[in-house]
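# Structure at a glance
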Amino acid sequence: MKINFKELEKQKKRNFEERLKFIEYWVNYIKTHSDKEWSKQQNIVIDSQIK
Amino acid sequence: MEYNSIKKEIILNRILSKLDKFVVDFVKHIDDYVIVSGYVSIVTGRSRATEDVDLLVPKLDFEDFKKIWNNLNNADFECINTLEIKTAFEMLNEYAIRFCKKGRAIPNIEFKLIKNDLDKYSYDNKLILKLKNKILFISPFEIQIAYKLYLGSEKDLEDAKHLYSLFKDKLNLNELMKLVKLLNVENKFNLVK
């Protein structure tokens, strides 16, 4: 198997930038929706790890 | 969510997650503390999970620690590191000790003494978080952002981005920049602003 590290690094950087963009989107969602609305969605992520 | 930076108070009417309930249940037994790191981002909306919550307390003598230990034990919490109170107390001077609900390692509280100036800053400037009818004490956002930039993993940078984006209109920007410079993370700050 040949690994193109340059390409992987590019992908990693792009992925991180996209996640930062999602954080901006999500913060905007938090600011424009009630605490109940956004937390209901967020709890799906948090509670998934806890029994 | 309402953040009043003058009163150092946040009012949050979120639906409590299982993690929130765990934290609220734990801090009932601690009078004096500040919560730092990931949970500060998570309770204010960051969409990620965590296995632990970092909690700092001022130096305790053995009698104070024993009272907390017994109360936690009666409330179904146990120390992951040791079941011996004296060993736990000795460990606390050097390391963090972890508490979980009996038989369940996740989530857990990383219980640490305030040891350095950054810890002390968080404690001295803590914010009051009104979570429905519960109260939690959390670290101020300015130091959280700067410290997360210092830690520097992608997760930490994302936590910093979340706090900065959410509260940028209410942050003390002079203070934030002072802390960013102090921790020598000006270059990383550009990523999140």
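Residues numbered from 1 in each chain as written. Chains lettered and ligands numbered in written order. Predicted model: local features only at pLDDT ≥ 70, side-chain atom pairs only at ≥ 80, totals over all residues. Heavy atoms only, no water.

## Quick notes on the state of the cysteines
All names here are of chain B. To keep it simple, the criterion reads: The disulfide criterion used throughout: a pair of cysteine sulfur atoms within 2.5 Å. Relative accessibility decides the category of a residue: with a 1.4 Å probe and only protein chains considered, values under 20% of the type maximum give buried, values over 50% give exposed, and everything between is partly exposed.
Counted by the stated rule, this structure contains zero disulfides over all chains. There is no disulfide at cysteine 79, and the cysteine sulfur nearest it, in cysteine 100, is 8.4 Å away. Taking the relative accessible area as the measure of exposure, cysteine 79 reaches 5% and is therefore buried. Here cysteine 100 falls in the buried class, since its relative accessible area comes to 3%.

## Section: unusual backbone geometry
All names here are of chain B. With omega at 0°, the peptide bond leading from isoleucine 106 into proline 107 counts as cis. Not every positive phi belongs to a glycine, and asparagine 184 is a case in point at roughly 60°. Under the relative-accessibility criterion, asparagine 184 is labelled exposed at 60%.

## A word on the packing of aromatic side chains
All names here are of chain B. Rule in force here: Between 30 and 60 degrees the pair is tilted, below 30 it is stacked and above 60 it is edge-to-face, where a pair is any two Phe, Tyr or Trp rings, Trp via its six-membered ring, whose centres lie within 6.5 Å. Helical segments are the DSSP runs of H or I of at least four residues, strand segments are the runs of E of at least two, and each set is numbered from the N terminus. A ring is scored as having a charge over it whenever the NZ atom of a lysine or the CZ atom of an arginine sits within 6 Å of its centre and within 35 degrees of its normal.
Summed over all chains, the structure comprises 17 aromatic pairs over all chains. Where tyrosine 3 meets phenylalanine 141, the ring centres are 5.1 Å apart and the plane angle is 85°; that geometry is what we call edge-to-face. Of this pair, tyrosine 3 sits in strand E1 (residues 2-4) while phenylalanine 141 sits in helix H6 (residues 141-151), and the two are 138 residues apart along the sequence. An aromatic cluster is defined as three or more aromatic residues linked by ring pairs; in this entry it consists of Phe22, Phe26, Phe62, Phe65, Trp69, Phe77, Phe89, Phe99 and Phe111. Here lysine 101 stacks its cationic end above the ring of phenylalanine 77, 4.3 Å away from the centre of that ring.

## Details of the pairing of strand E7 (residues 104-113) of chain B
Residue and element names in this part refer to chain B. Rule in force here: A strand pair is defined by DSSP finding two or more bridges across the two strands.
Sheet topology places strand E4 (residues 52-57) next to E7; six bridges connect them, and they run parallel. Counterpart to aspartate 54 in the pairing with E7 is glutamate 110. With five bridges connecting them, strand E6 (residues 97-101) and E7 associate as antiparallel partners. What sits directly across from lysine 101, in E7, is arginine 104. If you look at the hairpin formed by E6 and E7, you'll find two residues sitting between the two strands, and glycine 103 has a positive phi there, around 80°.

## Some thoughts on the domain arrangement of chain B
Residue and element names in this part refer to chain B. Spelled out, the test is: Domain limits in this description derive from either an automatic procedure or a database domain assignment. Residues are treated as being in contact if the distance between any of their heavy atoms lies within 4.5 Å. Buried area is a sum: the accessible area each of two parts loses on coming together, probed at 1.4 Å, counted once for each and added. Only one rule defines a salt bridge in this text: a Lys or Arg side-chain nitrogen within 4 Å of an Asp or Glu carboxyl oxygen. Whenever two N or O atoms come within 3.5 Å, that pair is a polar contact, provided that in protein one can donate a hydrogen and the other can accept it, and provided that, for residues adjacent in sequence, both atoms are side-chain atoms. Nonpolar residues are Ala, Val, Leu, Ile, Met, Phe, Trp, Tyr, Cys and Pro. Charged residues are Asp, Glu, Lys and Arg, and all others, Gly as well, are polar.
The domains assigned to chain B are domain 1 (7-139) and domain 2 (141-193). Every contact between the two is made by 16 residues of domain 1 and, on the other side, 15 residues of domain 2. Carbon and sulfur atoms supply 60% of the area buried between domain 1 and domain 2, which totals about 1,300 Å² over both sides. For domain 1, the biggest contributors to the area lost against domain 2 are Arg46, Leu118 and Tyr121; these three give 42% of the whole. For the pair domain 1 and domain 2, the number of links is three salt bridges. When the shortest N-O distance is used, the salt bridge between arginine 48 and aspartate 159 registers 2.7 Å. Viewed at the interface, domain 2 and domain 1 are joined by 10 residue pairs in polar contact (both at pLDDT 80 or more). Taken together, the elements giving at least two residues each to the side of domain 1 that touches domain 2 come down to helix H2 (38-43) and helix H5 (117-124). Along the lines of polarity and charge, the residues of the side of domain 1 that touches domain 2 split into seven nonpolar, seven polar and two charged.

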